Amino acid sequence: MDNPKLLTSSHAPFWHNSSSISRQSYHIMLAALPALIMGISQYGIPALAVVALSVSSAMIWELLMNKLMNRPVSIGDGNAAVIGLLLAMLLPAVTPWWVIVAGTFVAIVVGKQIFGGIGCNPFNPVLTALAILILSWKGLLDFNATLVDYDLGFLMIYPLSAIKYLGTSSATGYSLSGLLMGQQAGGIGSCFGLGLIIGGVYLILRGHIRWEISISFLVGIYITAILFNISDADKYAGPMFHILTGYTLIGAFFLATEDSSSPVNFIPMLLYGAGAGVLTVLIRNIGVFVDGVVFAILMMNVTSPLLDKIRPKAMGKGIEHA
Amino acid sequence: MIRRPFFSLGRPRLKFPVVQKSSPIDIPLPSKVTLFFEAVPADTKDPAVSLGDKVKTGQKLKITENDEDYFISTVSGTICDISEYTGYLGRDYTSISIETLANDEWDDEFATGKAPTLKVGREFLGCLPGAPDFASLLDFKTPVNTLIIYGLDKDLLVTTNQFIVETEVEALAKGIELLKNITHTDEVIMVVPPHLLKKAGETGADVRKIRPSYPNTLPGMIVKKVLGREISPGKNPVEMGVGIISAEAVVALSHAFDRGEIPVEKILTIIKKDGATVLARARIGTPLKDVLETLNIQTAHGDRLVLGGPMTGTTAYSEDLPVLPDTDAVMIQDRKDITPSSDTQCINCGECIRACPANVPINMLVRLLENGLYEEAVSEYDLLSCIECGLCSYVCPAMIPVFQYIMLGKFEYARIISVEEPNG
């Protein structure tokens, strides 16, 4: 050989800003920790067991699907772990093991891998799984039924079912600051509002999720809830109650913002977030489900590709006729 | 390498580092130079150059006798090799190597009192150093109404043109007058970074400030900023009556008429492995090996050698490749700094959408390009609006070689069009 020293050839650019999918996944998991740790400290070892099983089974499903579909092993990108973690955060602390394994199966296999893996899923995999679990085993995901043995020193009735079935007078049993500090029954990682907000703000500032989606989702909920509240204050709870209960905050910062199933342009992101917010309150107030976040976001996932057609004019387009 | 900042809400901000003044290091005349001449003659029956021919510095050479195009020998010596070379985007070149003599013997065809006219420009000055070069102004079809002179550099870390503005004010002023005569254009605008405003003002051109951050410095962005016009997709600025020329080419033009010699040297910014930059002056055609040796830069197996800057350059696969008239910079990258691309599909995170200065829907575009749907990519997803900054690849967390897909798409689309046109 004339030239034993070979140089690397590739296309420009020769710099990269050193972001990566795995880094993004780890930051999302890091941001979820405050709310998660609070949940585990409240519900104890059973909650930890749910989280551990959910994360590990999600990763195993991912690995199995990689092998089965003869594709490169992708558990290293952390996306499966994020899905497992977020699913666990939505579940009650006493969820049976087979429900968790079934849930991660739906999330990873049905929700993500059969569409082609990361980036190809039209729906948020976590919410796909949760929706199927809710529809399949209603009783096992009912917080009032599953958390009946827990007494954590605050009102253990799931706030959203309280206002749905007992009227807004029952909301007086909850203080807003208590709800913010996690004093409510609910999913393992979805109750500690302050922790979710801290995690969400961290992700927004680091650029891993879009503020447009989170903020418009919360604004959508606030405005719709306040309109209902004005129309009939006895029947419909106030906007802050809606924002601090159920899956609202975890939805705003961790679920609606999932990359693949949400739009990327500015106006579509606002419409998507606001639409999910409006639908959430509509389902909560006049629908059959206690919490509307799951189906509201899934519904808006469908519209995401269509919304993304609204985009700024590309450079130089339309100039010829101007 | 500029990494993602801790807080990252909007577009990536890639500021140009502060330029340290230094005079360029002279690269000694190499024992052999290689010149690239675009296009390979279809018929080689009538060759105008052959092995063993003696050439003089500044001599006009053609590959075949009835060729209109030509190239300028940058050294005196003997032609020792003629071969074919395929470059970026499949462009074919004839590569001519010349063994150099120690002393230059200047060709006097140009020297004998040429007047600055378009004809003389076309006949002799098609190979002036600098990018964008002088030649791009010579073969226009629409008249050039506005001339924009690049007093800054397109790519990050490159300081070649800034150095020219800093040191060659008089030649610039003279070159601008020549340009006005040659192109019959009165509107000459020079764009410079803020710290060169005063210096550039001395040339008498209409000087505009450009914030030195990438991709503000790309031609498409400068035309938009300075003239308030956007370049139509798939068009060159020249087709819109806007000529763009680098300060280095303007100075070369001025020197050509001043000295009666066609300039044969190029100012290079050498970007070392640690990101430090140094200026060098080399004869066009000098092999990169000689440049690196003079500057005492070692390369190892797996390193990357880039002609041009970190965002828009092209890689050289061998150290034998030469410095070309449009080589503004040479970057040497250590193998451990190379981020490999990946074949992960788009995760729809939208980073590229926020980074794109031309509002191209890259998240959709890349899906079409990956599947070879080039015509749809042009008609539906604005492939041709891309101004080729490379930021999409730079920010992509999935490490998709987006910019490469885009350039491939443009290349393939041009081929499709050229096949269809004669029939249509």
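Residues numbered from 1 in each chain as written. Chains lettered and ligands numbered in written order. Predicted model: local features only at pLDDT ≥ 70, side-chain atom pairs only at ≥ 80, totals over all residues. Heavy atoms only, no water.

Q: Account for the nonpolar core, with residues named and values stated.
A: With 90 residues, the main nonpolar core has Met-89, Leu-130, Phe-254, Val-294 and Ile-297 of chain A as its most contacted residues. By residue number, the principal contributor to this core is helix α3 (residues 79-90) of chain A, which donates ten residues. Dropping the residues within four chain positions of it, Met-89 of chain A is found in contact with Ala-32, Ala-35, Leu-36, Gly-187, Ile-188, Gly-189, Ser-190, Leu-196 and Ile-250 of chain A. In terms of nonpolar packing, the next biggest core, distinct from the first, is built from 54 residues, Leu-218, Met-221, Met-311 and Met-407 of chain B among them. (Core = buried A, V, L, I, M, F, W, Y, C linked by side-chain atoms within 4.5 Å. Buried < 20%, exposed > 50% of the residue type's maximum accessible area, 1.4 Å probe, protein only. Helix = DSSP H or I, 4+ residues; strand = E, 2+ residues; numbered from the N terminus. Contact = heavy atoms within 4.5 Å.)

Q: Quick one: what's the story with the packing of helix α9 (residues 362-370) of chain B against helix α12 (residues 402-420) of chain B, residue by residue and with numbers?
A: All names here are of chain B. Following both chains from N to C, one finds α9 and α12 inclined at 60°, their axes separated by 10 Å at the closest point. With respect to their mutual orientation, α9 and α12 come out oblique. Crossing of α9 over α12 shows left-handed handedness. Between α9, through Ile-362, Leu-365, Val-366, Leu-369 and Glu-370, and α12, the contact on the second element is made entirely by Val-402, Tyr-405, Ile-406 and Gly-409. (Axes fitted to C-alpha atoms, helices over the stretch in contact; angles between N-to-C directions. Parallel < 35°, antiparallel > 145°, perpendicular 65-115°, else oblique. Left-handed = near helix turned anticlockwise from the far one by under 90°.)

Q: Please set out the sheet that holds strand β9 (residues 146-150) of chain B residue by residue, giving values where relevant.
A: Residue and element names in this part refer to chain B. Overall, parallel pairing links the four strands, which are arranged β11-β10-β9-β13 in an open sheet. The sheet is open, and its two edges are formed by β11 (206-209) and β13 (242-246), each paired on a single side. Strand-to-strand twist in this sheet, taken as the mean axis angle between neighbours without regard to direction, amounts to 25°. With five bridges joining them, β9 and β13 adopt parallel strand pairing. Within β13, the position partnered with Thr-146 by the bridge is Val-242. Against the sheet, helix α5 (residues 219-227) touches β9, β10 (187-192), β11 and β13, its axis set at about 125° to β9. (Pairing = 2+ DSSP bridges.)

Q: Tell me about empty space enclosed by the protein, residues and numbers included.
A: Residue and element names in this part refer to chain A. Applying the stated criterion across every chain yields a total of five cavities of 30 Å³ or more. Considering only enclosed or pocket space, the largest cavity measures out at about 320 Å³ in volume. Along its surface, the largest cavity is lined by 24 residues, and Ile-28, Asn-79, Val-82, Glu-258 and Asp-259 are the ones closest to its centre. Those elements giving two or more residues to the lining of the largest cavity turn out to be α1 (21-43), α3, α5 (125-136) and α12 (248-255). Looking at the lining of the largest cavity, its residues break down into twelve nonpolar, nine polar and three charged. Counting the residues that make up the lining of the largest cavity, at least three belong to each of domain 1 (22-140) and domain 2 (152-305). (1 Å grid on protein atoms, 1.4 Å probe; cavity = no way out; pocket = protein on both sides within 12 Å on 5 of 7 lines; lining within 4 Å. Points joined across faces, edges and corners; volume = space filled by probe spheres on them. Nonpolar A, V, L, I, M, F, W, Y, C, P; charged D, E, K, R; others polar. Domains from an automatic or database assignment.)

Q: Pulling in residues and values, what's your account of the domain arrangement of chain A?
A: All names here are of chain A. According to the domain assignment, chain A contains domain 1 (22-140) and domain 2 (152-305). Across the boundary between the two partners, domain 1 contributes 38 residues, which contact 35 residues of domain 2. One can count zero salt bridges joining domain 1 with domain 2. Scanning the region where domain 1 abuts domain 2 turns up 13 residue pairs in polar contact (both at pLDDT 80 or more). Sorting the residues of the side of domain 1 that touches domain 2 by element identifies α1, α2 (45-68), α3 and α5 as the ones contributing at least two each. With 14 residues, the top contributor of residues to the side of domain 1 that touches domain 2 is α1. Each residue belonging to the side of domain 1 that touches domain 2 can be placed in one class, and the counts come to 30 nonpolar, eight polar and no charged. (Salt bridge = Lys/Arg side-chain N within 4 Å of Asp/Glu carboxyl O. Polar contact = N/O pair within 3.5 Å; in protein donor to acceptor, adjacent residues only side chain to side chain.)

Q: I'd love a proper account of a positive patch on the surface, names of residues and values included.
A: On the surface, Arg-13, Lys-15, Lys-209, Arg-211 and Lys-225 of chain B cluster together into a patch of positive charge. Residue placement: Arg-13 of chain B occurs in the segment before β1 (14-15). (Patch = residues over 30% accessible without salt bridge, like charges linked within 9 Å, V, L, I, M, F, W, Y side chains within 5 Å. Areas by Shrake-Rupley, 256 points an atom, 1.4 Å probe, with all protein chains shown as cover. Lys, Arg positive; Asp, Glu negative; His and termini not counted. Charge placed at Lys NZ, Arg CZ, Asp CG, Glu CD.)

Q: If you had to explain the packing of helix α10 (residues 374-381) of chain B against α12 of chain B to someone new, which residues and values would you point to?
A: All names here are of chain B. The interhelical angle for the contact between α10 and α12, taken along N-to-C directions, is 105°, at an axis separation of 9 Å. With respect to α12, the element α10 is oriented roughly perpendicular. Where α10 abuts α12, its residues Tyr-374, Glu-375 and Val-378 lie against Leu-408, Gly-409, Glu-412, Tyr-413, Ile-416 and Glu-420. Looking at the contact of α10 with α12 residue by residue, the class counts come to five nonpolar, one polar and three charged.

Q: How would you summarise the packing of aromatic side chains if you had to cite specific residues and measurements?
A: Inspection of the entire model under this criterion finds 17 aromatic pairs over all chains. Residues Phe-143 of chain A and Tyr-158 of chain A carry aromatic rings whose centres are separated by 4.7 Å and whose planes lie at 45° to one another, so their mutual orientation is tilted. Here Phe-143 of chain A is found in helix α6 (residues 143-146), whereas its partner Tyr-158 of chain A is found in the loop between α6 and α7 (159-166), with 15 residues between them in sequence. On the numbers, 6.3 Å between centres and 80° between planes, the contact of Phe-143 of chain A with Tyr-247 of chain A is edge-to-face. Here Phe-143 of chain A, found in helix α6, pairs with Tyr-247 of chain A, found in the loop between α11 (239-244) and α12; they are 104 residues apart in sequence, far enough to count as distant. Cluster of aromatic residues (ring-pair linked, three or more members): Phe-36, Tyr-85, Tyr-93 and Tyr-317 of chain B. Taking the ring centre of Tyr-70 of chain B as reference, the NZ or CZ of Lys-60 of chain B above it sits at 4.7 Å. (Phe/Tyr/Trp six-rings, centres within 6.5 Å; stacked < 30°, edge-to-face > 60°. Lys NZ or Arg CZ within 6 Å of the ring centre and 35° of its normal.)

Q: Describe in detail the domain arrangement of chain B, supporting the description with residues and values.
A: All names here are of chain B. Domains assigned within chain B are domain 1 (14-19 + 265-337), domain 2 (30-100), domain 3 (118-259) and domain 4 (351-423). Averaged C-alpha coordinates put domain 1 and domain 2 at centres separated by 23 Å. Our count for the contact surface shared by domain 1 and domain 2 stands at zero salt bridges. The interface formed by domain 1 and domain 2 holds three residue pairs in polar contact (both at pLDDT 80 or more) in total. For the side of domain 1 that touches domain 2, the class distribution of residues is six nonpolar, three polar and two charged.

Q: Give a description of the side chain of Arg-206 of chain A that names residues and reports values.
A: Within the secondary structure, Arg-206 of chain A is located in helix α9 (residues 193-206). One buried charged residue, Arg-206 of chain A, remains without a salt bridge, the closest side chain of opposite sign being Glu-351 of chain B at 10 Å. Not counting residues within four places of it along the chain, the set of residues in contact with Arg-206 of chain A comprises His-27 of chain A together with Arg-4, Phe-6 and Ser-8 of chain B.

Q: Now, about the pairing of strand β15 (residues 277-283) of chain B: what can you tell me, with residues and values included?
A: Residue and element names in this part refer to chain B. Burial within β15 is extensive, with five of its seven residues counted as buried. Where strand β2 (residues 25-26) and β15 come together, two bridges link them in parallel fashion. Residue pairing in the sheet places Asp-26 in a bridge with Arg-281 of β15. Alignment of strand β14 (residues 265-271) against β15, held across seven bridges, turns out to be antiparallel. Bridge pairing in β15 links Ile-267 to Arg-281.

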